[in-house]
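Architecture and fold: a report
Spelled out from the first residue to the last, the chains are:
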Amino acid sequence: MSGQLNLGPQAAKMEGAVIYLFGATGDLAKRKLYPALFSLYKEGKLAEDFAVVGLARRPRTDEQFRADVLASIQEFCRYKPDDEELWSRFEKHFVYMSLDIHNLEGFRELVALTQRLEAQFEIPGNRLFYLALAPELFGPVSFNLREGGLLETAGWHRLVIEKPFGYDRESARELNEQITQVFREEEIYRIDHYLGKEMVQNIEVIRFANAFFEPLWNNKHIANVQISLAETVGVEDRGGYYDKSGALRDMAQNHMLQMLAMIAMEPPSRLHPEDIRDEKVKVLRSLRPFRSPEEVYRNVVRGQYTAGTLKGKPLKGYREEDSVDPASVTETYFAARVFIDNFRWAGVPFYIRTGKRLPVKTTEVVIEFKNAPAGVLFRTRNELAPNLLVIRVNPMEGIYIKINAKKPGSDADIQPVAMEFCQSCQVGLNTPEAYETLLYDAIRGDSTYFTRWDEVDHAWAFVDPIAEAWRLPESELLFYPAGSWGPERAAELLAEDGYHWWPVNGQDEDNVIWISNTK
Ligand SMILES: NC(=O)C1=CN([C@@H]2O[C@H](COP(=O)(O)OP(=O)(O)OC[C@H]3O[C@@H](n4cnc5c(N)ncnc54)[C@H](OP(=O)(O)O)[C@@H]3O)[C@@H](O)[C@H]2O)C=CC1
Ligand SMILES: O=C1O[C@H](COP(=O)(O)O)[C@@H](O)[C@H](O)[C@H]1O
């Protein structure tokens, strides 16, 4: 069943496996991975033939570990563990082993534990290694998995790794070189959790299952594309990591470019993982590179938040955040004008932006269509707004299209009308979490929504010149107050081309009539 679009219940059931969770005491495991496993179990997607081995250095008994897992599910899972019988069946699958990943002997002990679990839960030798660890540990873990004998098994083995995949192209290549000494590319599942989001996966369906979008999906009909990943949060307790990363590496190199690739790719000939990923990598390869620092300064905006207010609450500036250098020049805001040099997209600007401490939490894609010809028919008497297709990814999920229609009762006055399918209003905010979908896919061996090495490599090739230009003394860091929409320069980028950022988060101009399953 590998390679099918994840369309829900008809998807394949997974084979039993031992899931090794390296970083079992960490933040990601607690907030995302245990809740994802419980949701899969509750929905019957995980049967009884699985075991989870939590691995980290600090000591824990199995009982303590299960209590930690329960606490995490109570706090973060969309299902509550209130069915005692279900919970007691579920928790039996969890065991903990204290292991420093540099200790090879510990990996040999893990083989013995694995054999016991495989016999107990009738697991046919399949092994999934999930590395919720700092990236510098990916190589050493891979080597010790091999040296310790964990890969000598009759079933499959897969490696799931977290971002960031490297700091630049060179370090990403070194990292890849290390893990591919042990695992084949098809055994490596590189997580980009945006690809697990319901509406990001829906982009393919919207584009390729509707006859009226695809014929318009090109530079003849589309004026520009806008991708916004806005966050209200600051760096929270991740200042140490973020200050070395910044918005470019944390969000743009991965999530933003992946979304852009999904919007821009050619229709794959089949819905197989490699066909889809082949098309995405062609887009990444066609991104017009910034060839000089001046090109970067003309097309890219680099911002950092200062103290401000959000919903009346005072907020500190980035440089005052915990574990952040008080003189930091790390960007918390990134915007760019990007071109894809292929026949379909020649001349169409893609405007992408992301930032922390913006006024709303939202991820949206706006496709702005070219306007009706000027000077004829209705444009002689009316200001016609361009048609829009808006894909709302997160946290509200849905799509809407904006068209022009006659104002009822008038001669030919025209008003914009937005027609919305609000998916969240239909099914609530209870769609599967991205991690749930991706864990399920990894266990089933469906790599469609994981990033292949060549995608990562090309994304770094695009990002590296930006980071290099920003290291030069003439590079300007712009400041914006927390709670604002970022530096003014981001609006100018679009204004230079005669466009503006469309309002996101369902906020819109007053004159728009909404037809929606909410409003
Ligand atoms: N947290 C998040 O929201 C996100 C995280 N990520 C990525 O996921 C990965 C994990 O992040 P996160 O959970 O936040 O990190 P944490 O710092 O919270 O957790 C790190 C984990 O690694 C374990 N660990 C550290 N060193 C060793 C070692 N030598 N041997 C064995 N275990 C070790 C720690 O346990 P112990 O100290 O007990 O050994 C802990 O369980 C990172 O790559 C991060 O970039 C990606 C996206 C989002
Ligand atoms: O990968 C990351 O994503 C989150 C935003 O994810 P979302 O699903 O909440 O939109 C971001 O806050 C974090 O800095 C970054 O590492």
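Naming follows an unreviewed UniProt entry, where the protein appears as Glucose-6-phosphate 1-dehydrogenase of Thermobacillus composti. Per UniProt, the protein has the following entry under Sequence similarities (unreviewed entry): "Belongs to the glucose-6-phosphate dehydrogenase family."

Moving on, we come to the overall build of the protein. Of the regular secondary structure elements, the protein holds 14 helices and 18 strands. Taking 2.2 N^0.38 as the reference for a compact globule, 519 residues should give roughly 24 Å; the C-alpha atoms of the protein span a radius of gyration of 24 Å, in line with that estimate. Counting only C-alpha atoms and orienting by the principal axes, one finds that the protein spans roughly 80 × 55 × 45 Å. Counting the 519 residues in the protein, one finds 57% classified as buried. Considering only residue pairs separated by 6 or more positions, the protein has 77% of its internal contacts joining residues 24 or more positions apart. Total accessible area on the protein stands at roughly 21,900 Å², and carbon and sulfur atoms take up 52% of it. Of the charged side chains in the protein, 61 are positive and 77 negative, and the gap between their average positions amounts to 3 Å.

As a further point, take the site of ligand 1. As a structural note, the neighbourhood of ligand 1 is formed by 21 residues, with D27, R31, R57, R58 and L133 the closest of them. The side chain of T25 places a nitrogen or oxygen atom 2.7 Å from an oxygen atom of ligand 1. Take R58: an N or O atom from its side chain is 2.6 Å from an oxygen atom of ligand 1. Out of a free accessible area of 890 Å², ligand 1 has 80% covered by protein chains. Tallied by class, the residues present in the shell around ligand 1 amount to 11 nonpolar, three polar and seven charged.

Another aspect to go through is the state of the cysteines. A full pass over the atoms with the stated rule returns one disulfide. Each sulfur of the disulfide joining C422 and C425 lies 2.0 Å from the other. Sign of the S-S torsion, about 75° for the bond between C422 and C425, identifies this disulfide as right-handed. Residue C422 is classed as buried on the basis of its relative accessible area, which comes to 2%.

As a packed pair, helix α2 (residues 62-76) and helix α3 (residues 84-91) sit with axes 11 Å apart at the nearest point and diverge in direction by 130°. Relative to α3, the element α2 is oriented oblique. The interaxial crossing formed by α2 with α3 has right-handed handedness. Contact residues: α2 offers R66, V69, L70 and I73, while α3 offers W87, F90 and E91.

Secondary-structure assignment places E436 in helix α12 (residues 434-444). On the basis of relative accessible area, E436 is assigned to the buried category, the value being 2%. Filtering out sequence-adjacent residues up to four positions away, E436 remains in contact with A36, S39, L40, E43 and R78.

It is worth spelling out the packing of aromatic side chains at this point. On inspection of all chains with the given rule, the structure shows 28 aromatic pairs. Between Y305 and Y318, the ring centres sit 5.8 Å apart and the planes meet at 75°, which makes this aromatic pair edge-to-face. Taken together, the residues Y305 in strand β8 (residues 300-306) and Y318 in the loop between β10 (313-315) and β11 (333-338) connect sequence positions 13 residues apart. An identical accessibility class is assigned to Y305 and Y318; each is buried. Taking the centre distance of 4.7 Å and the plane angle of 65° together, the rings of Y400 and W514 count as edge-to-face.

Rules used in this analysis
- Residues numbered from 1 in each chain as written.
- Chains lettered and ligands numbered in written order.
- Predicted model: local features only at pLDDT ≥ 70, side-chain atom pairs only at ≥ 80, totals over all residues.
- Heavy atoms only, no water.
- UniProt positions renumbered as here; feature names shortened; annotations may be inferred.
- Helix = DSSP H or I, 4+ residues; strand = E, 2+ residues; numbered from the N terminus.
- Rg over C-alpha atoms; globule rule 2.2 N^0.38 Å.
- Buried < 20%, exposed > 50% of the residue type's maximum accessible area, 1.4 Å probe, protein only.
- Contact = heavy atoms within 4.5 Å.
- Areas by Shrake-Rupley, 256 points an atom, 1.4 Å probe, with all protein chains shown as cover.
- Lys, Arg positive; Asp, Glu negative; His and termini not counted.
- Charge placed at Lys NZ, Arg CZ, Asp CG, Glu CD.
- Near = heavy atom within 4 Å.
- Polar contact = N/O pair within 3.5 Å; in protein donor to acceptor, adjacent residues only side chain to side chain.
- Nonpolar A, V, L, I, M, F, W, Y, C, P; charged D, E, K, R; others polar.
- Disulfide = S-S within 2.5 Å.
- Axes fitted to C-alpha atoms, helices over the stretch in contact; angles between N-to-C directions.
- Parallel < 35°, antiparallel > 145°, perpendicular 65-115°, else oblique.
- Left-handed = near helix turned anticlockwise from the far one by under 90°.
- Phe/Tyr/Trp six-rings, centres within 6.5 Å; stacked < 30°, edge-to-face > 60°.

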